[in-house]
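Structural overview for review
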Amino acid sequence: MGAKYLVFVAKHVGGFCWWQTDSSDYGVRQTPWRGGKGDLMAELAVSCRKRGMNLGVYLSPADRHLGVGVGGKADDPGKQSAYERIFRQQLTELLSRYGEMKEVWFDGSLVFDVGDILQQHAPRAVVFQGPQASIRWVGNEDGVAPYPAWNAVAGGKRPWGTYTAADGDPDGDRWLPNECDARIRNTWFWRTDNLNTLKNVEQLMEMYLRSVGHGAVLLLNNTPDPTGLIPEPDAARSAEFGREIQRRFGTPVIDTAGSGTNVLMMLSAPRSIRATLIMEDISRGERIREYVVEGKVHGAWKPLASGTAVGHKKIDVFAPVEVTELRLRIPSAVGKPIIRKFAAFDD
(Lines give C-alpha, C1' and ligand atoms only; values in the text may rest on other atoms or scores of the structure.)
Protein backbone atom coordinates (compact mmCIF):
# COMPACT_ATOMS: atom_id res chain seq x y z
CA MET A 1 0.00 0.00 0.00
CA GLY A 2 2.98 2.29 0.42
CA ALA A 3 2.06 3.23 4.00
CA LYS A 4 4.84 4.70 6.11
CA TYR A 5 3.70 3.30 9.45
CA LEU A 6 0.90 1.38 11.14
CA VAL A 7 -1.01 1.92 14.35
CA PHE A 8 -1.79 -1.32 16.19
CA VAL A 9 -4.89 -1.58 18.38
CA ALA A 10 -3.30 -3.06 21.50
CA LYS A 11 -6.51 -2.59 23.51
CA HIS A 12 -9.92 -1.49 22.27
CA VAL A 13 -13.00 -0.59 24.29
CA GLY A 14 -13.62 -4.23 25.22
CA GLY A 15 -10.50 -4.14 27.38
CA PHE A 16 -8.75 -7.20 25.88
CA CYS A 17 -4.95 -6.74 25.96
CA TRP A 18 -2.88 -8.11 23.08
CA TRP A 19 0.42 -7.94 24.97
CA GLN A 20 1.81 -9.55 28.11
CA THR A 21 0.44 -7.08 30.61
CA ASP A 22 0.68 -7.28 34.36
CA SER A 23 -2.30 -4.95 34.71
CA SER A 24 -5.31 -7.06 33.71
CA ASP A 25 -6.77 -10.55 33.83
CA TYR A 26 -8.29 -10.10 30.36
CA GLY A 27 -5.77 -10.62 27.57
CA VAL A 28 -3.52 -13.04 25.71
CA ARG A 29 -2.17 -14.41 28.99
CA GLN A 30 -5.60 -15.89 29.66
CA THR A 31 -5.83 -17.66 26.25
CA PRO A 32 -4.33 -20.89 24.90
CA TRP A 33 -2.44 -18.95 22.20
CA ARG A 34 1.27 -19.69 22.51
CA GLY A 35 0.50 -21.36 25.83
CA GLY A 36 -0.60 -18.04 27.33
CA LYS A 37 2.81 -16.52 26.58
CA GLY A 38 1.96 -14.90 23.26
CA ASP A 39 2.63 -11.20 22.76
CA LEU A 40 1.26 -9.82 19.52
CA MET A 41 2.68 -6.37 20.19
CA ALA A 42 6.16 -7.88 20.48
CA GLU A 43 5.85 -9.93 17.28
CA LEU A 44 4.53 -6.94 15.38
CA ALA A 45 7.34 -4.69 16.62
CA VAL A 46 9.92 -7.22 15.38
CA SER A 47 8.21 -7.44 11.98
CA CYS A 48 8.06 -3.66 11.64
CA ARG A 49 11.76 -3.28 12.42
CA LYS A 50 12.61 -6.05 9.95
CA ARG A 51 10.68 -4.31 7.16
CA GLY A 52 11.61 -0.73 7.97
CA MET A 53 8.06 0.17 9.01
CA ASN A 54 7.35 2.65 11.78
CA LEU A 55 4.95 1.58 14.52
CA GLY A 56 2.31 3.32 16.57
CA VAL A 57 -0.06 2.09 19.25
CA TYR A 58 -3.75 2.57 20.05
CA LEU A 59 -4.61 2.20 23.73
CA SER A 60 -8.28 2.75 24.41
CA PRO A 61 -8.99 4.90 27.47
CA ALA A 62 -12.42 3.23 27.61
CA ASP A 63 -12.40 -0.30 29.07
CA ARG A 64 -15.76 -2.06 29.38
CA HIS A 65 -14.17 -5.02 31.13
CA LEU A 66 -13.25 -2.70 33.98
CA GLY A 67 -16.40 -0.54 33.84
CA VAL A 68 -14.77 2.51 32.28
CA GLY A 69 -16.34 4.74 29.64
CA VAL A 70 -15.24 7.24 27.03
CA GLY A 71 -12.11 9.18 27.87
CA GLY A 72 -11.16 6.83 30.69
CA LYS A 73 -13.96 7.97 33.01
CA ALA A 74 -14.96 5.19 35.41
CA ASP A 75 -18.66 4.43 35.74
CA ASP A 76 -18.11 4.28 39.50
CA PRO A 77 -16.29 7.47 40.61
CA GLY A 78 -14.85 5.56 43.52
CA LYS A 79 -12.87 3.41 41.08
CA GLN A 80 -11.44 6.30 39.04
CA SER A 81 -8.06 6.54 40.71
CA ALA A 82 -7.58 2.76 40.56
CA TYR A 83 -8.27 2.73 36.83
CA GLU A 84 -5.92 5.63 36.21
CA ARG A 85 -3.15 3.61 37.86
CA ILE A 86 -4.00 0.62 35.64
CA PHE A 87 -4.06 2.72 32.48
CA ARG A 88 -0.78 4.41 33.32
CA GLN A 89 0.78 0.99 33.83
CA GLN A 90 -0.57 -0.24 30.49
CA LEU A 91 0.72 2.84 28.68
CA THR A 92 4.14 2.51 30.33
CA GLU A 93 4.39 -1.15 29.30
CA LEU A 94 3.50 -0.41 25.69
CA LEU A 95 5.83 2.56 25.34
CA SER A 96 8.84 1.08 27.15
CA ARG A 97 9.01 -2.54 25.95
CA TYR A 98 8.62 -2.49 22.18
CA GLY A 99 10.87 0.18 20.75
CA GLU A 100 10.09 3.67 19.53
CA MET A 101 6.45 4.55 18.86
CA LYS A 102 5.68 7.09 16.16
CA GLU A 103 2.07 7.67 17.20
CA VAL A 104 0.00 7.14 20.34
CA TRP A 105 -3.77 6.96 19.91
CA PHE A 106 -6.17 7.88 22.74
CA ASP A 107 -9.55 7.25 21.12
CA GLY A 108 -12.26 9.53 22.52
CA SER A 109 -9.64 11.71 24.25
CA LEU A 110 -8.49 11.28 27.84
CA VAL A 111 -9.86 12.86 31.03
CA PHE A 112 -6.61 12.53 32.99
CA ASP A 113 -2.97 13.41 32.40
CA VAL A 114 -0.28 10.99 31.21
CA GLY A 115 2.19 13.62 30.03
CA ASP A 116 5.02 12.37 32.22
CA ILE A 117 4.85 8.89 30.68
CA LEU A 118 4.75 10.25 27.13
CA GLN A 119 7.67 12.55 27.83
CA GLN A 120 9.75 9.77 29.35
CA HIS A 121 9.04 6.97 26.88
CA ALA A 122 7.74 8.55 23.64
CA PRO A 123 8.93 12.16 23.47
CA ARG A 124 8.97 12.18 19.65
CA ALA A 125 5.63 10.46 19.07
CA VAL A 126 2.63 12.34 17.74
CA VAL A 127 -0.32 12.04 20.10
CA PHE A 128 -3.91 11.64 18.92
CA GLN A 129 -6.35 13.34 21.30
CA GLY A 130 -5.95 13.74 25.06
CA PRO A 131 -4.31 16.58 27.05
CA GLN A 132 -0.97 16.06 25.24
CA ALA A 133 -2.48 15.93 21.75
CA SER A 134 -0.23 17.09 18.92
CA ILE A 135 -2.62 15.97 16.14
CA ARG A 136 -6.41 15.97 16.02
CA TRP A 137 -9.32 13.88 14.78
CA VAL A 138 -10.73 15.31 11.60
CA GLY A 139 -14.29 14.98 12.94
CA ASN A 140 -15.67 12.10 10.86
CA GLU A 141 -14.87 8.45 10.13
CA ASP A 142 -15.11 8.78 6.35
CA GLY A 143 -11.44 9.47 5.69
CA VAL A 144 -12.02 12.97 4.35
CA ALA A 145 -10.94 16.38 5.54
CA PRO A 146 -12.97 19.51 4.85
CA TYR A 147 -11.40 22.21 2.76
CA PRO A 148 -9.73 24.33 3.88
CA ALA A 149 -8.22 22.14 6.60
CA TRP A 150 -5.97 24.64 8.37
CA ASN A 151 -3.24 23.18 10.58
CA ALA A 152 -3.49 25.80 13.33
CA VAL A 153 -6.15 26.24 16.01
CA ALA A 154 -6.83 28.86 18.65
CA GLY A 155 -5.85 27.61 22.09
CA GLY A 156 -8.50 27.82 24.82
CA LYS A 157 -11.47 27.40 22.50
CA ARG A 158 -12.30 23.95 23.92
CA PRO A 159 -10.61 21.29 26.08
CA TRP A 160 -7.28 20.36 24.51
CA GLY A 161 -7.49 17.03 22.74
CA THR A 162 -11.10 17.48 21.61
CA TYR A 163 -10.49 19.80 18.66
CA THR A 164 -11.54 18.68 15.15
CA ALA A 165 -10.97 20.04 11.65
CA ALA A 166 -13.92 22.38 12.18
CA ASP A 167 -11.72 24.29 14.66
CA GLY A 168 -9.02 25.06 12.08
CA ASP A 169 -7.91 28.69 12.19
CA PRO A 170 -5.21 30.07 9.88
CA ASP A 171 -4.43 32.71 12.52
CA GLY A 172 -4.46 30.25 15.42
CA ASP A 173 -1.65 30.09 17.98
CA ARG A 174 -1.31 26.28 18.28
CA TRP A 175 -0.18 23.80 15.61
CA LEU A 176 -2.51 20.76 15.46
CA PRO A 177 -2.61 18.88 12.11
CA ASN A 178 -5.54 16.69 11.08
CA GLU A 179 -5.65 12.90 10.86
CA CYS A 180 -8.42 11.16 8.88
CA ASP A 181 -9.45 7.67 9.96
CA ALA A 182 -11.53 5.41 7.71
CA ARG A 183 -12.46 1.80 7.03
CA ILE A 184 -11.61 -0.28 3.98
CA ARG A 185 -14.93 -2.11 4.56
CA ASN A 186 -18.07 -0.73 6.18
CA THR A 187 -17.19 -1.86 9.73
CA TRP A 188 -14.17 -1.45 12.00
CA PHE A 189 -14.29 -5.05 13.25
CA TRP A 190 -14.18 -8.33 11.34
CA ARG A 191 -17.46 -9.64 9.95
CA THR A 192 -18.30 -12.58 7.70
CA ASP A 193 -21.05 -10.84 5.72
CA ASN A 194 -19.58 -7.59 4.36
CA LEU A 195 -17.04 -8.54 1.70
CA ASN A 196 -19.32 -6.74 -0.78
CA THR A 197 -18.60 -3.48 1.07
CA LEU A 198 -14.84 -3.60 0.37
CA LYS A 199 -14.08 -0.23 -1.17
CA ASN A 200 -12.91 -0.21 -4.77
CA VAL A 201 -9.81 1.64 -5.92
CA GLU A 202 -11.73 4.67 -7.18
CA GLN A 203 -13.47 5.05 -3.82
CA LEU A 204 -10.13 4.80 -2.03
CA MET A 205 -8.56 7.34 -4.41
CA GLU A 206 -11.43 9.76 -3.82
CA MET A 207 -10.76 9.36 -0.09
CA TYR A 208 -7.03 9.94 -0.68
CA LEU A 209 -7.62 13.14 -2.64
CA ARG A 210 -9.91 14.50 0.08
CA SER A 211 -7.57 13.61 2.97
CA VAL A 212 -3.92 13.56 1.88
CA GLY A 213 -4.87 15.91 -0.94
CA HIS A 214 -6.22 18.34 1.66
CA GLY A 215 -3.04 18.22 3.74
CA ALA A 216 -4.09 15.57 6.29
CA VAL A 217 -2.81 12.08 7.15
CA LEU A 218 -4.97 9.12 6.11
CA LEU A 219 -5.21 6.21 8.56
CA LEU A 220 -6.94 3.30 6.80
CA ASN A 221 -8.37 0.48 8.92
CA ASN A 222 -7.56 -3.09 7.88
CA THR A 223 -9.08 -5.71 10.18
CA PRO A 224 -7.62 -9.20 10.78
CA ASP A 225 -9.93 -12.17 10.25
CA PRO A 226 -10.12 -15.18 12.65
CA THR A 227 -6.78 -16.49 11.35
CA GLY A 228 -5.10 -13.34 12.67
CA LEU A 229 -4.20 -12.17 9.16
CA ILE A 230 -5.54 -9.41 6.96
CA PRO A 231 -8.00 -11.13 4.57
CA GLU A 232 -6.54 -11.69 1.11
CA PRO A 233 -9.15 -9.55 -0.73
CA ASP A 234 -8.46 -6.63 1.62
CA ALA A 235 -4.68 -7.02 1.34
CA ALA A 236 -4.93 -7.20 -2.45
CA ARG A 237 -7.14 -4.11 -2.57
CA SER A 238 -4.73 -2.21 -0.33
CA ALA A 239 -1.89 -3.08 -2.72
CA GLU A 240 -3.99 -1.94 -5.70
CA PHE A 241 -4.63 1.31 -3.88
CA GLY A 242 -0.92 1.84 -3.33
CA ARG A 243 -0.14 1.11 -6.98
CA GLU A 244 -2.77 3.59 -8.14
CA ILE A 245 -1.35 6.33 -5.92
CA GLN A 246 2.06 5.67 -7.46
CA ARG A 247 0.65 5.57 -10.99
CA ARG A 248 -1.09 8.91 -10.60
CA PHE A 249 1.36 10.76 -8.37
CA GLY A 250 4.62 8.81 -8.30
CA THR A 251 6.45 10.47 -11.19
CA PRO A 252 5.71 14.09 -12.07
CA VAL A 253 5.77 15.51 -15.57
CA ILE A 254 7.73 18.38 -14.05
CA ASP A 255 8.43 19.68 -10.57
CA THR A 256 10.32 22.44 -8.80
CA ALA A 257 10.71 24.25 -5.49
CA GLY A 258 11.01 27.91 -4.68
CA SER A 259 9.87 30.85 -2.60
CA GLY A 260 7.94 34.05 -3.05
CA THR A 261 4.58 34.80 -4.60
CA ASN A 262 5.35 33.42 -8.10
CA VAL A 263 6.88 30.03 -8.87
CA LEU A 264 7.32 29.22 -12.57
CA MET A 265 7.99 25.96 -14.43
CA MET A 266 8.75 25.80 -18.15
CA LEU A 267 8.32 22.46 -19.91
CA SER A 268 10.75 21.35 -22.62
CA ALA A 269 7.80 20.57 -24.90
CA PRO A 270 3.99 20.90 -24.70
CA ARG A 271 2.59 18.28 -22.33
CA SER A 272 -0.85 17.24 -21.20
CA ILE A 273 -1.38 17.48 -17.43
CA ARG A 274 -4.40 16.68 -15.28
CA ALA A 275 -3.26 17.39 -11.69
CA THR A 276 -0.94 19.59 -9.67
CA LEU A 277 0.55 19.16 -6.21
CA ILE A 278 1.75 21.95 -3.95
CA MET A 279 3.65 21.51 -0.68
CA GLU A 280 4.70 24.24 1.70
CA ASP A 281 7.75 23.90 3.92
CA ILE A 282 5.62 23.63 7.05
CA SER A 283 8.70 23.72 9.29
CA ARG A 284 8.43 27.46 8.57
CA GLY A 285 4.68 27.58 9.07
CA GLU A 286 1.58 27.53 6.90
CA ARG A 287 1.91 30.88 5.13
CA ILE A 288 -0.25 30.71 2.01
CA ARG A 289 -3.75 32.16 2.32
CA GLU A 290 -4.72 32.09 -1.36
CA TYR A 291 -3.17 30.51 -4.45
CA VAL A 292 -3.85 30.12 -8.18
CA VAL A 293 -2.31 27.53 -10.52
CA GLU A 294 -2.12 28.70 -14.11
CA GLY A 295 -1.00 27.00 -17.30
CA LYS A 296 0.14 28.62 -20.53
CA VAL A 297 -2.18 27.34 -23.24
CA HIS A 298 -1.62 28.54 -26.82
CA GLY A 299 0.50 31.39 -25.53
CA ALA A 300 -1.97 32.67 -22.91
CA TRP A 301 -2.22 32.01 -19.17
CA LYS A 302 -5.28 29.95 -18.20
CA PRO A 303 -6.42 29.28 -14.60
CA LEU A 304 -6.32 25.55 -13.80
CA ALA A 305 -6.94 25.44 -10.05
CA SER A 306 -7.21 27.72 -7.05
CA GLY A 307 -7.68 27.54 -3.32
CA THR A 308 -6.74 28.83 0.10
CA ALA A 309 -4.95 26.38 2.43
CA VAL A 310 -1.91 24.44 1.19
CA GLY A 311 0.06 23.39 4.28
CA HIS A 312 1.76 20.03 3.97
CA LYS A 313 0.09 19.14 0.67
CA LYS A 314 -2.67 20.27 -1.68
CA ILE A 315 -3.62 18.19 -4.72
CA ASP A 316 -5.81 19.66 -7.46
CA VAL A 317 -7.30 17.50 -10.23
CA PHE A 318 -8.80 18.97 -13.39
CA ALA A 319 -9.65 18.11 -16.99
CA PRO A 320 -6.53 17.26 -19.03
CA VAL A 321 -4.97 20.31 -20.65
CA GLU A 322 -1.85 20.75 -22.78
CA VAL A 323 0.51 23.41 -21.44
CA THR A 324 3.97 24.78 -22.17
CA GLU A 325 4.47 26.56 -18.82
CA LEU A 326 3.02 26.38 -15.33
CA ARG A 327 2.80 29.11 -12.72
CA LEU A 328 1.93 29.05 -9.05
CA ARG A 329 0.71 32.51 -8.14
CA ILE A 330 0.08 33.45 -4.50
CA PRO A 331 -2.05 36.60 -4.17
CA SER A 332 -2.26 36.38 -0.37
CA ALA A 333 0.21 35.10 2.22
CA VAL A 334 1.43 35.73 5.75
CA GLY A 335 5.17 36.14 5.32
CA LYS A 336 7.17 34.92 2.35
CA PRO A 337 5.76 31.63 0.98
CA ILE A 338 8.29 28.78 0.94
CA ILE A 339 7.34 26.09 -1.58
CA ARG A 340 8.85 22.71 -0.82
CA LYS A 341 7.41 21.23 -4.01
CA PHE A 342 5.29 22.32 -6.98
CA ALA A 343 4.59 19.45 -9.38
CA ALA A 344 2.34 18.50 -12.30
CA PHE A 345 1.09 15.04 -13.29
CA ASP A 346 -0.57 13.24 -16.17
CA ASP A 347 -1.95 9.73 -16.68
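All residue numbers refer to positions counted from 1 along the written sequence of the respective chain. Only residues with pLDDT of at least 70 are given local features in this predicted model, and only at 80 or more are side-chain atom pairs given and counted; all residues enter the totals for whole chains, interfaces and linings. To obtain the side-chain values, all non-hydrogen atoms of the structure were used and water was disregarded.

Notes on the overall build of the protein chain
Filter applied, for reference: Comment: elements are numbered from the N terminus, with helices defined as DSSP H or I runs of at least four residues and strands as E runs of at least two. For the radius of gyration, the atoms used are the C-alpha atoms, and the globule rule reads 2.2 Å times the number of residues raised to 0.38. With a 1.4 Å probe rolled over the protein chains alone, any residue whose accessible area is under 20% of its type maximum counts as buried; one over 50% counts as exposed, and the rest are partly exposed. We call two residues in contact whenever any of their non-hydrogen atoms come within 4.5 Å of each other. Accessible surface area values rest on a Shrake-Rupley calculation with a 1.4 Å probe, where residue burial reflects the displayed protein chains alone. Working convention for charge: Lys and Arg count positive, Asp and Glu count negative, and His plus the chain ends are omitted. To locate a charge, take NZ of a lysine, CZ of an arginine, CG of an aspartate or CD of a glutamate.
A count of helical and extended segments in the protein chain gives five helices and 15 strands. Whereas a compact globule of 347 residues would reach a radius of gyration of roughly 20 Å, the protein chain reaches 23 Å, a difference of no more than 12%. C-alpha atoms of the protein chain, sized along the principal axes, occupy 75 × 45 × 35 Å. Within the protein chain, the fraction of its 347 residues that count as buried is 48%. Residue pairs at least 24 apart in sequence account for 66% of intrachain contacts in the protein chain once pairs closer than 6 positions are excluded. Element-wise, carbon and sulfur atoms account for 51% of the exposed surface of the protein chain, whose accessible area totals about 16,500 Å². Charge separation in the protein chain, taken as the distance between the mean sites of 43 positive and 41 negative side-chain charges, equals 3 Å.

Notes on the pairing of strand β1 (residues 5-11)
Here is the rule we go by: Between any two strands, at least two bridges found by DSSP are needed for them to pair. With its strands directed away from the observer, a crossover is right-handed exactly when the path from the first strand over the helix to the second travels clockwise.
Strand direction decides the pairing type here: β1 and strand β2 (residues 54-59), joined by six bridges, are parallel. Residue pairing in the sheet places V7 in a bridge with G56 of β2. With helix α1 (residues 40-51) bridging β1 and its parallel neighbour β2, the resulting β-α-β unit is right-handed.

A word on the sheet that holds strand β9 (residues 217-221)
To be explicit about the condition: Axis definition: a line fitted to C-alpha atoms, over the contacting stretch in the case of helices. Angles run 0 to 180 degrees between N-to-C directions.
Strand order in the open sheet made by the three strands is β5-β8-β9, with parallel pairing throughout. Taken across any chain shown, the strands that pair with only one partner, and hence form the sheet edges, are β5 (136-137) and β9. Judged from the five bridges that link them, strand β8 (residues 178-183) and β9 form a sheet pairing that is parallel. Note on β9: the bridge partner recorded for R183 is N221. Sheet strands in contact with helix α4 (residues 201-209) are β8 and β9, and its direction is about 145° off that of β9.

A few points about the packing of α4 against helix α5 (residues 232-249)
The criterion, for reference: Here the angle decides the label: under 35 degrees means roughly parallel, over 145 means roughly antiparallel, 65 to 115 means roughly perpendicular, and every other value means oblique. If you view the pair so one helix is near and one far, a crossing is left-handed when the near helix is turned anticlockwise from the far one by less than a right angle, and right-handed when it is turned clockwise.
In the contact formed by α4 and α5, the axes pass within 10 Å of each other and the chain directions differ by 55°. Comparing the axis directions of α4 and α5 gives the class oblique. In terms of crossing hand, the pair formed by α4 and α5 is right-handed. Contact residues: V201, E202, L204, M205, Y208 and L209 in α4; R237, E240, F241, E244, I245, R248 and F249 in α5.

Focus on the sheet that holds strand β14 (residues 314-333)
If you walk across this open sheet you meet the six strands as β10-β15-β11-β14-β12-β13, and the pairing is antiparallel. For this open sheet the edge positions go to β10 (254-259) and β13 (300-307), each flanked by a neighbour on one side alone. Ignoring which end each strand starts from, the neighbouring axes of this sheet average 30° apart. One ladder, built from six bridges, connects strand β11 (residues 262-280) with strand β15 (residues 338-345); its direction is antiparallel. Across the sheet, E280 pairs through a bridge with I339, a residue of β15. This element, α5, spans β11, β14 and β15 of the sheet and lies at about 120° to β11.

Description of the nonpolar core
For clarity, the cut-off: The nonpolar core is taken to be a set of buried Ala, Val, Leu, Ile, Met, Phe, Trp, Tyr and Cys residues, with the residues joined through side-chain atoms within 4.5 Å.
Among the nonpolar cores identified, the biggest contains 29 residues, and M41, L95 and F106 are the most heavily contacted of them. Elements with a minimum of two residues in this core: β1, α1, β2, α2 (80-97) and α3 (115-121). In this structure F106 touches L59, P61, F87, L91, V114, L118, V127, F128 and Q129, once residues within four positions along its chain are discounted. Within the second largest apolar cluster, 27 residues are counted, among which are A149, L198, M279 and I315.

What to know about the pairing of β11
Across 12 bridges, β11 lies against β14 in antiparallel orientation. In the strand pairing of β14, N262 is matched with R329.

A word on the pattern of salt bridges
Condition: The term salt bridge refers to a side-chain nitrogen of Lys or Arg lying within 4 Å of a carboxyl oxygen of Asp or Glu.
Per the counting criterion, the structure on display carries 20 salt bridges. Across the pair K102 and E100 runs a salt bridge whose closest N-O atoms are separated by 3.6 Å. Given a relative accessible area of 30%, K102 falls into the partly exposed group. What makes E100 partly exposed here is its relative accessible area of 41%.

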